[in-house]
Each structure stands twice: as C-alpha cells, then as structure tokens.
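Observations on the model geometry
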Amino acid sequence: VTMSASATLMTAAANPRLGGLLGAGLLLLAGAAQATPQIQTWTSQNGARVLFVAAPELPMVDVRVVFDAGSARDGDRSGLASLTTAMLTQGAGDWDADTIALRMENVGAQITSSTDRDLSTVSIRSLTQPKALNTAVDTLAGVLAEPTFEPDDLERLRQNTLIAIRQDEESPRTVAQKALYRAVFGEHPYASDPTGTEESVRALTRQDLMDFHRRHFTGANAVVAIVGDLDRTAAEGLAERVIGSLPTGERPAPLPAVTDLATGALERIAFPSTQTTVLAGQPGMRRGDPDYFALYLGNHILGGSGLVSLLMAEVREKRGLSYSTYSYFLPLAQPGPFLMGLQTRNDQADQAREVMLDTLKRFVTEGPTEEELTAAKKNLTGGFPLRIASNADILGYLAVIGFYGLPLDYLDRFIERIESVDATQIRDAFARRVHPDRLAIVSVGGEGEPKVSAVGGAP
C-alpha cells in the first residue's frame, strides 16, 4: 500500500560497522523494551513540528522529515508527488545524483525517500561521528531545499516509473488493489495510485515538479522526527540545520471527507492466471479515530493475526481454499480502507469469496468470544515491546504521532488501551463501522470480459 519513491542508497549490509551497530541496537533496546520512549517536542523557527527521543545507547542518529505532500495532493496530475519526492535525491545545488550517493556512502550513512497517499518523507541514518553526521545532515538539508530537477534525471526516473507501471499490470494482486481503491474511494483523491498512470506520468513536466515542491516542501507543512545519541540542545540545532532553509509556507487545506459506500458491487476482471485474487473493502477509519482500538483489536481476531485468525481458520484450515487470507484497516488522515483479501484457484473463487464474506458477517453480528479476545490481547500486548525495540521503530512512530497529531502518550498508553477493550465494544464498533452488504469487491483472474455488477448483499 505504501510506495517507495527511491531505493536506499546504501544498506547496512554494505557497511559492516553500521550493520553491527544495528544488530547491537536491537539487543540493547530489547532488554529495556518495557520502557516506552520519552518524547520531547517543539516547533522550529519556520513552523515545523519536531519530535525527539534521546537514545544514547548507540552512536547513531535517525532523522525523518515528513511533509503533507502525498499523492492525495496530486490534483489532476497523478504521480506528481511520487516523482517529485523521488527526484530530490537526484540532484541538489551543485551535487548530481552520483555526488549525493557518494557523500553518504563515504561516511557510512543512508538516505531514503518515499511517498504514500497522505505524505512524502525523506530520511537519513548516520553515525554520530562529527564528519559523518555533518555530511549526512548537510546532504539532507540540501536535497530538501535545493533540488535541481534536471531534465535528464527527470526523464530517467520517468522511464523507470513507466516500467514499474507496466510491471504492475502483470500482477493480478496489484491490478486488484488499484481497482479496489477506485471502487472504494470513487472521486476522492485516495482513489488514485501514488505511482500514477502511464498517461499522467508521461504528461508531468519539470515545472509541475518545481511548483509542487515550492507549495508543499515548507516548514509549516513539515514534521521532523529525530531519534539518536543527542541531547535536547543538539537535537534543536540539528532540526534547524535540516529544515531551516525551507520557507515557512503554510499547510494545505484538509483533504475532503471520504463518503461511505451506498451499496455493494462486484467487479470481475479477466486475467490470464490459474489463481484468482479476491479483494473486498470499504472506507474504514482515520488516524486518531475514537473507535481505533476496538476496530484494531477486533480485526486482529478476524484476519490480522496470521494463522490463528478466524479467516484463516474458515478459509484455509477448514476448507483448504487459500494458502493465506487476511484483513486490515489502513487508517489515514481521512478514513482509509478496511480491506480483506485472498488468492485461490479459479474454480474455487466464488466459494472462497462467499466463505470470506460469511466469516465477516458472522463476526460483525456476534463479535469475538472471550477466549478469542483474551488470546488477541496477550498477543498484541506481549509483542508490543518488540515494536519499539529499535531506533528505526521509534522513528516511525514519532513520524506518525507528529504528522497525524496523535497524543504524545500514545505509546505509553497503548497496552492500557488494548487491555481496556471488551467484546461488547468490538461488536458495537464493527456493527456501526463495517457493512458486509456494502462492500466493494474485486475479483481478478480467469477468462471472460471485465464486468461490474451491483449487489445488495454478500455476492
């Protein structure tokens, strides 16, 4: 669901020292995993929100800059945010792409970027040795503030993107996912794939990218997450170096509301494959949703817990209809999708789809048993320390907390909030928020002409 806009320029595997420190970091932090990180926050001089966690166990620093510049801001130029963000590391100031890569490689640092529907990010990882950190920070500041968008580089990345789009057309799962997003979100910006279409990507101009960067890559539209071996004063200075050269600017208007589906529909897409991919979905929940923990815990029981989920029990274990099946909520700034999926033999597609939907209907009506609820709580709370067991994990949470305006005690109270959910709350939340008779369903596989039919209930 999240589309990476550029590959990591250097991996830990290529740098034994950094790789060793990463492994050591997991061990060190796992030992202290019960303690949630203490988050400090402030605002930079040009309006960026900064979140910082001191992690003195290792001589490392991770920085992620997040902008409200995801594909939902593309307008009628699908793929614009993704291509703009990917171009940042292809040239900045006097540096070309090779120079940027060598600057980071020579000091054992990494730089990455990505784009999804809500946001675009650029991140660095560096040792705290002064030469390494200074080089990495200066490089990050440069690519954010002074991208060149050179025409030759733009054409190279455009061609790479077009190849990726054509490859997507050869994957039934990707075809199904793109079709499902269109069916679930209709005219909403979330309907478009972040990569764009072949037509839209071909039409993007250098000026389009420059204008998008100028509007969206600003201080007021940014969140800076920092985790590492720094004190507060050093972190404040680092944040100003990274973001201070950007204009203050302003945040864009909130995205439009997502409209619930009025009815269910089944779209069949012919695809030359022996397996059929079946996806079903509808608008789910947003970040910070009051029903978040009830829906999250309930979905863990329904289809989010792998082999022990209800979907796996009904579809795989009892009937052998699919190797795997799953469900998840993807919360975004506006309600993202609730999605269910499986792959099965073409001749079993209708049966597998019916079992998947019947399992959902039964769960919405009955909710979990106490035994299922207890097992799910133990699984989520017992595994939570591992989810914040590395600097990279913490960095990701800081970015989410800062960007979506979640409370600073989100990690501190995560286990408490999971434990406080009961079966009645799950049943109530699913009854109000999940509607089996209003699912958009996409089936990709087999032969025949593409077909869409409205359905009043589970087809």
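Criteria and cut-off values
Residues numbered from 1 in each chain as written. Predicted model: local features only at pLDDT ≥ 70, side-chain atom pairs only at ≥ 80, totals over all residues. Heavy atoms only, no water. Helix = DSSP H or I, 4+ residues; strand = E, 2+ residues; numbered from the N terminus. Buried < 20%, exposed > 50% of the residue type's maximum accessible area, 1.4 Å probe, protein only. Contact = heavy atoms within 4.5 Å. Pairing = 2+ DSSP bridges. Axes fitted to C-alpha atoms, helices over the stretch in contact; angles between N-to-C directions. Parallel < 35°, antiparallel > 145°, perpendicular 65-115°, else oblique. Left-handed = near helix turned anticlockwise from the far one by under 90°. Nonpolar A, V, L, I, M, F, W, Y, C, P; charged D, E, K, R; others polar. Salt bridge = Lys/Arg side-chain N within 4 Å of Asp/Glu carboxyl O. Expected span 1.5 Å × (residues − 1). Core = buried A, V, L, I, M, F, W, Y, C linked by side-chain atoms within 4.5 Å. pLDDT = per-residue confidence, 0-100. Phe/Tyr/Trp six-rings, centres within 6.5 Å; stacked < 30°, edge-to-face > 60°. Lys NZ or Arg CZ within 6 Å of the ring centre and 35° of its normal.

Observations regarding the overall build of the protein
If you tally the helices and strands in the protein, you get 16 helices and 15 strands. By residue count, 55% of the 459 residues in the protein fall in the buried class. Considering only intrachain contacts with a sequence separation of at least 6, the fraction spanning at least 24 residues in the protein is 82%.

Observations regarding the pairing of strand β14 (residues 440-444)
When you tally the buried positions in β14, you get five out of five residues, the bulk of the element. Where burial is concerned, the two faces of β14 agree: the one with Ala440, Val442 and Val444 and the one with Ile441 and Ser443 are both buried. With five bridges connecting them, strand β10 (residues 264-269) and β14 associate as parallel partners. Bridge pairing links Ile269 to Val444 in β14. With five bridges connecting them, strand β11 (residues 275-283) and β14 associate as antiparallel partners.

A short note on the packing of helix α2 (residues 80-87) against helix α5 (residues 151-168)
Remark: α2 packs on α5, axes separated minimally by 10 Å, with the N-to-C direction vectors making an angle of 130 degrees. Here α2 is positioned oblique relative to α5, judged by the angle of their axes. The crossing of α2 and α5 is right-handed. Contacts from Leu83, Ala86 and Met87 of α2 reach α5 at Asp153, Leu154, Leu157, Arg158 and Thr161. Grouping the amino acids of the contact of α2 with α5 by side-chain chemistry returns five nonpolar, one polar and two charged.

With respect to the pattern of salt bridges
Counted according to the given criterion, the structure contains 26 salt bridges. Lys318 serves as the salt-bridge partner of Glu314, at 2.8 Å between the closest nitrogen and oxygen. Owing to a relative accessible area of 12%, Glu314 belongs among the buried residues under this scheme. The partner of Asp428 in a salt bridge is Arg432, and the shortest N-O contact between them spans 3.0 Å. Here Asp428 pairs with Arg432, and both are found in helix α16 (residues 423-433), just four residues apart, close to one helical turn. Judged by relative accessible area, which is 39%, Asp428 ranks as partly exposed. Overall, the relative accessible area of 41% leaves Arg432 in the partly exposed class. Ionic contacts of the salt-bridge type, sharing partners, join the residues Asp289, Asp291, Asp428, Arg432 and Arg433 into one network.

As for unusual backbone geometry
Phi at Phe149 takes a positive value of approximately 50 degrees, unusual for a residue other than glycine. Note that Phe149 resides in the loop between α4 (130-145) and α5.

Topic: the environment of Ala257
Checked against the element boundaries, Ala257 lands in the loop between α9 (232-243) and β10. Note: C-alpha distance between Ala257 and His188 (69 residues apart in sequence) is 8.1 Å. In contact with Ala257, other than residues within four places in its own chain, are His188 and Gln334.

Quick word on helix α10 (residues 292-304)
With 13 residues, α10 extends just 14 Å between its outermost C-alpha atoms, more than 12% less than the 18 Å of an ideal straight helix rising 1.5 Å per residue. Taking burial as the measure, the 13 residues of α10 include 12 buried ones, the bulk of the element. When α10 is considered as a whole, its buried residues turn out to be Tyr292, Phe293, Ala294, Leu295, Tyr296, Leu297, Gly298, Asn299, His300, Ile301, Leu302 and Gly303. A positive backbone phi angle near 70 degrees is found at Gly306, which sits one or two residues after α10.

A look at the nonpolar core
In this structure, Leu297, Met356, Leu360, Leu398, Tyr410 and Phe430 are the most contacted members of the largest nonpolar core, which totals 82 residues. Not counting the four nearest positions on each side in its chain, Leu360 is found in contact with Leu302, Phe338, Met340, Val434, Pro436 and Leu439. Ala48, Met87, Phe149 and Ile226 belong to the second-largest nonpolar core, a separate cluster that totals 47 residues.

Overview of the confidence of the model for the protein
Confidence along the protein averages 91 in pLDDT terms, with 90% of residues attaining 70 or more. In the predicted structure, residues 1-34 sits below a pLDDT of 50 and forms 67 contacts with residues beyond four places in sequence or in another chain. Under a pLDDT of 50 for its full length, residues 455-459 has, in the predicted model, 14 contacts with residues more than four places off or in other chains.

A few points about the packing of aromatic side chains
Per the counting criterion, the structure on display carries 16 aromatic pairs. Among the aromatic residues, ring-to-ring pairing joins Tyr292, Phe293, Tyr296, Phe384, Tyr410 and Phe414 into one connected group. Sitting above the plane of the Tyr181 ring, Arg117 keeps its charged end 3.7 Å from the centroid. For Arg287, the ring lying beneath its charged end belongs to Tyr404, and the centroid distance is 5.6 Å.

Side note on the pairing of strand β8 (residues 120-127)
Counting buried residues in β8 gives eight out of eight residues, a clear majority hidden from the surface. Burial along β8 is two-sided: Ser120, Val122, Ile124 and Ser126 and Thr121, Ser123, Arg125 and Leu127, pointing in opposite directions, are all buried. Note that strand β4 (residues 60-67) and β8 share eight bridges and pair antiparallel. By the bridge assignment for β8, Arg64 is matched with Ser123. As paired strands, strand β7 (residues 110-115) and β8 are joined by six bridges and run antiparallel to one another. Bridge pairing links Gln110 to Arg125 in β8. Connecting β7 to the antiparallel partner β8 that follows it, the hairpin turn spans four residues.

Brief notes about the packing of α4 against α9
Packed helices, taken two at a time, are described by the angle between their axes plus the distance between the axes. It is the contact of α4 with α9, at a shortest axis distance of 7 Å, that shows an interaxial angle of 40 degrees. Viewed along their axes, α4 and α9 adopt a mutual orientation that is oblique. Contacts between α4 and α9 involve Leu133, Asn134, Val137, Asp138, Leu140, Ala141 and Leu144 from the first element and Leu238, Arg241 and Val242 from the second. Counted by class, the contact of α4 with α9 contains seven nonpolar, one polar and two charged residues.

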